[in-house]
Amino acid sequence: MRILPILAIFTGVVLASCGSLDSGDGSGAGEGQTLTIYSSRHYDSDYALYEAFEEETGVTVEAIEADGDLLIERVKAAGDQSPADVIITVDAGRLWRAEQEELFAPVSSAVLEERVPANMRHPDGLWFAVATRARVIVYAEDRVDGGDLTGYASLADPAFRRRVCARSSGNVYNISLLAALIDRWGSDTAQQWANGVNANFARDPLGGDSDQIRAVAAGECDVAIVNHYYFARLMGTEPEVTDGLAVFWPNAEAGVHVNISGMGMSRNAPNPELAQQFLEFAVSDRAQRFFAELTNEYPAVASVTYENAALAELGDFEADPLAATVLGENQAEAQRLFDRAGWQ
Ligand SMILES: [Fe+2]
């Protein structure tokens, strides 16, 4: 395996070749071909996925990494000249933005349609979920009775005045959560919820999801809204932070808000057949396990089994079956409600 150093190729964006496996034993069918992936993910699961794809096909994967919105800007700016074959990003909200910019080509694939649930893919095959994440409530067991939490609505309950932590409202995870709640409750109730949570903040929104967990551990707040994998990761790397904390699954009503990491074929993909081959490989059992075992996400393909002690400890939950497309459609309204609520 060859690992190239990370090279800055333009401001804020890095080129990371994840190494091409010498496929001395392989079929060599893809020998000499390069698949270019633009990704806003920089996780071990993805590098394992790229390497496994190289190993199985003989293709060399080149990954260009940038954070969500910058990635979209780069592909858009390059237009027909973009070398991107595949685009991978996190959050249905970002997939929707990329879709609005017409960055994706439709893919018709029996494999993808059979493996990825209908609510987690674009109806015309513009994008498909590869992994899912749940937005959960973390609480301090010594200061909160888990029985007092009923669902996302609890966060707006006056009983939690000055006890809630969350990141900023500009963050796409929160926008997508509120987008789901708009669908669930209607705009007026969703607005009241945003107002209520904002009134309950223990401190101004600050930092990322891990910072909210640390703030609960430090006693700055008693409850926080975070994506589950941040908690699962800290369980392994910093148990002193998660000891004394618990995850509450907001199963009530429609279930736990679930978001996706997704992928699609770039509209100007130089190698469309290879791109489709990669998308199909990414939903294979082998590839799906990487997401659960290396990044603590849930596989998009429900039938896939995996080994992950932290996820096993977090237990089962009821996922909201809402179509991921709705999370995109309600983005703008969600941001408006946050702004009106004064949630920074
Ligand atoms: Fe994240």
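All values reported here derive from a predicted model rather than from experimental measurement.

Here is what the cut-offs are and how they apply
Position numbers for residues count from 1 along each chain, tracking the sequence in the order it is written. Local features are withheld for residues below a pLDDT of 70 in this predicted model, meaning they are given only at 70 or higher, and side-chain atom pairs are given and counted only at 80 or more; totals for whole chains, interfaces and linings count all residues. For the side-chain quantities, the full set of heavy atoms in the structure was used; hydrogens and water were omitted. Water is not part of the atom set, so a site may look incomplete; the donors themselves are N, O and S atoms within 2.8 Å of the metal, or 3.2 Å for Na, K and Ca. Relative accessible area decides the class of each residue, using a 1.4 Å probe on protein chains only: under 20% of the type maximum gives buried, over 50% gives exposed, and in between gives partly exposed. Domain limits in this description derive from either an automatic procedure or a database domain assignment. Note on contacts: a residue pair is in contact if any heavy atoms of the two residues lie within 4.5 Å. Values labelled buried area give the accessible surface lost by two parts on being combined, using a 1.4 Å probe and summing over both. Only runs of H or I of at least four residues qualify as helices and only runs of E of at least two qualify as strands under DSSP, and these elements are numbered from the N terminus. Here, any two strands with at least 2 DSSP bridges between them count as paired. Directions are taken from the helix axis to each C-beta atom, and the arc is the one they span. Disulfides are defined as pairs of cysteine sulfur atoms found within 2.5 Å of each other. With a 1 Å grid laid over protein atoms only, a set of points is called a cavity when a 1.4 Å probe fits there but cannot get out and a pocket when it is open yet has protein on both sides within 12 Å along at least five of seven lines; lining residues have an atom within 4 Å of a point. Grid points are joined across faces, edges and corners, and a volume is the space filled by probe spheres set on the points. Classification used: nonpolar for Ala, Val, Leu, Ile, Met, Phe, Trp, Tyr, Cys and Pro, charged for Asp, Glu, Lys and Arg, polar for all others including Gly.

(A) Representation of the coordination of the iron ion. Taken together, the protein donors to the iron ion comprise Y173 (OH), Y229 (OH) and Y230 (OH), at separations of 2.0 to 2.1 Å. A relative accessible area of 11% places Y230 in the buried class.

(B) Local environment of the domain arrangement of the protein. Domain boundaries assigned for the protein yield domain 1 (7–132 + 260–308) and domain 2 (133–257 + 315–341). Distance between the C-alpha centres of domain 1 and domain 2: 28 Å. If you look at the interface, domain 1 gives 19 residues, while domain 2 gives 21 residues. Taken over both partners, the interface formed by domain 1 and domain 2 buries close to 1,600 Å², and the fraction arising from carbon and sulfur atoms is 58%.

(C) Structural detail: the environment of L71. If you trace the backbone, L71 turns up in helix α2 (residues 68–78). Given a relative accessible area of 1%, L71 falls into the buried group. Separated by 27 residues in sequence, L71 and A98 have C-alpha atoms that sit 9.2 Å apart. When near neighbours in sequence (up to four residues on either side) are disregarded, L71 contacts Y38, S39, S40, I64, A66, I87 and I88.

(D) Seen up close, unusual backbone geometry. Located in the positive-phi region is E102, a residue other than glycine, with phi close to 60°. When you line up the elements, E102 lands in the loop between α3 (92–100) and β6 (104–105). With phi around 55°, E253 is a residue other than glycine that occupies positive phi space. By the element assignment, E253 lies in the loop between β10 (245–248) and β11 (258–266). Exposure remark for E253: the relative accessible area of 56% places this residue in the exposed category.

(E) Looking closely at the pairing of strand β9 (residues 223–227). The buried fraction of β9 is high, at five of five residues. The two faces of β9 match: V223, I225 and N227 on one face and A224 and V226 on the other face are all buried. The sheet contact formed by strand β8 (residues 164–165) and β9 spans two bridges and is parallel. Pairing of C165 across the sheet is with A224, part of β9.

(F) Structural detail: α2. Turning to α2, its buried residues number three or more, namely G68, L71, I72 and V75. Here the buried residues of α2 occupy an arc of 100° about the axis, which is enough to place them on one side.

(G) Broad picture of the state of the cysteines. For the structure shown, the criterion picks out one disulfide. For C165, the disulfide goes to C221, at an S-S distance of 2.1 Å. Between C165 and C221 the sulfur-sulfur dihedral comes to about -95°; the bridge is accordingly left-handed. On the criterion of sequence distance, the pair formed by C165 in strand β8 and C221 in the loop between α7 (209–217) and β9 is long-range, its members being 56 residues apart. The pair formed by C165 and C221 is uniform in burial state, with each residue classed as buried.

(H) The arrangement of the layout of surface pockets in detail. Roughly 390 Å³ of internal volume is contained in the largest pocket. What lines the largest pocket is a set of 17 residues, among which T132, Y298, P299, Y306 and F317 lie closest to the centre. Counting residues per element, the ones that place at least two in the lining of the largest pocket are β12 (298–299) and α12 (309–314). A breakdown of the residues in the lining of the largest pocket according to their chemical character gives 14 nonpolar, two polar and one charged. Of the pockets and cavities examined, the second largest pocket occupies roughly 170 Å³. If you go around the second largest pocket, you meet 13 residues; those closest to its centre are S40, D67, V90, R94 and Y173. Within the lining of the second largest pocket, the residues separate by chemical class into five nonpolar, four polar and four charged.

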